[in-house]
Structures are given as structure tokens and as C-alpha cells.
Amino acid sequence: MIVIGLTGGIASGKSTVARMLSELGAVVIDADKVGHEAFRPHTEVWRKVVAAFGKDILGQNQEIDRSKLAQLVFNDPRALKRLDRIMHPLMHSIVEKKIEALRHQGVEVVVLEATLLVEARWTDLVDQVWVTITPEAAVISRLVSQKGFTEEQAGARIKSQTPIAQRAKNADVVIENDSDMNTLRKKVEGLWQQLQSTKSNR
């Protein structure tokens, strides 16, 4: 089994590439969805996050209100570090179990889609790191048109993330998403074919 760690900044096309790989036959583990599962009431993650940030972050049904939590940590680097110290190791363990279960099922290619793959030190879970990158102007345009951000909000979100050059430095494969959807699909299909030939040579 080959495990690909797929990462990239906001609006870089990471989820689109993950969907294309899924259509080609990969099984995708979405770290965001794992995070949602981990936040379910009375899980280990839930207990630790509530202990760290208080019951004010809870909404109805005792669920963690992610928007309230985001407000607490987005502009407070120390709070964000505290949350990361809780979340990253526990989610690493959850993802590791999911990968092992897929290995036992005989799955050939797994894609771990995670924005913070490198920052959270999850690269030990994967065989290759793939990074999607997009010019900053295109990212701002997408955030404004698709997410309703102002240009200032888009710029602030980009600045809060790991720089593109640093992401690319950690990558085995860099996917430049700087054109249209058909061009991106051809790039992904080409990478998939290379992956198939790598598997057959093992």
C-alpha cells in the first residue's frame, strides 16, 4: 500500500486533487472530517479541549462550537499552540488506526488530506508528501469570489499559513494549480500513472 500525504494552503486546490485521486481509485482520509469525529461529545479530544478552554465553547447537545473555538484561538498564538498540542497527537493516533485498517482491507493507495500535515508532524504516516500550490493572487480571488472574504481577510488568512516556498521544500511532488480544471486533471492523472508503475515495480 502507498500512503500519500496531500497538503496545501487555503484555496490551493487540495480538496479538488483529493477528489480526483478518489475518482481514480484512491481512498481519501480527510483530516478535517477526522477532527469533526474527534470533537464528538465525551471523546478524549472533547474532554481535553473543554478542560483547556472551558464550557463556554460548547453549543447545543454538548457539542464543541467550532466557530466559538476558532474565535478564541485565531488571534491568540498561545491559545492556538495549546489547541494544537492537544489535537495533533490524538488525531495522529486516530489517523494511524484508520490507515492500518485500510492496509488490512487490501487498499492499494490511501490519500491523507491534511492542511497541517508537515506542521503537525504527521509525515511519519505517509510514504510521499504531495503539495498543491497556487499563486497568491489566484488564492485571494478564489477566497473573495467563493468564500465571501474581503481582500484584507484573504490576505490575513494567507499570511497566517506556512509560506508556499516552505511547503514546496518539504514535498516529494509539487502540483502547481495555476491554470484551469482540465490542466489540473491531466497533471493528477499523470501522477496517478507514475504511481501505478511504481507499485508494479515494487
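For the structure, see preceding data.
Let me sum up the structure you'll find in this document. (Residues numbered from 1 in each chain as written. Predicted model: local features only at pLDDT ≥ 70, side-chain atom pairs only at ≥ 80, totals over all residues. Heavy atoms only, no water.)

This paragraph deals with the pattern of salt bridges. Tallied over the full model, the rule gives 8 salt bridges. Between Glu 44 and Lys 48 there is a salt bridge, with the nearest N and O atoms lying 3.6 Å from each other. Pair noted here: Glu 44 and Lys 48 are both in helix 3 (residues 44-53), with a separation of 4 residues, about one helical turn. Lys 187 is the salt-bridge partner of Asp 178, the closest N and O atoms lying 3.7 Å from each other. On the basis of relative accessible area, Lys 187 is assigned to the partly exposed category, the value being 31%. Taken together, the shared-partner salt bridges connect Arg 19, Glu 23 and Arg 185 into one network. (Salt bridge = Lys/Arg side-chain N within 4 Å of Asp/Glu carboxyl O. Helix = DSSP H or I, 4+ residues; strand = E, 2+ residues; numbered from the N terminus. Buried < 20%, exposed > 50% of the residue type's maximum accessible area, 1.4 Å probe, protein only.)

Glancing now at the packing of helix 3 against helix 5 (residues 77-104). Closest axis-to-axis distance for the helix 3/helix 5 pair is 10 Å, and the angle between their directions is 165°. When the axis of helix 3 is compared with that of helix 5, the two are roughly antiparallel. Seen along the crossing, helix 3 lies across helix 5 with a hand that is right-handed. Counting all contacts with helix 3, which are made through Glu 44, Val 45, Lys 48, Val 49, Ala 52 and Phe 53, the residues of helix 5 involved are Ala 79, Arg 82, Leu 83, Ile 86, Met 87 and Leu 90. (Axes fitted to C-alpha atoms, helices over the stretch in contact; angles between N-to-C directions. Parallel < 35°, antiparallel > 145°, perpendicular 65-115°, else oblique. Left-handed = near helix turned anticlockwise from the far one by under 90°. Contact = heavy atoms within 4.5 Å.)

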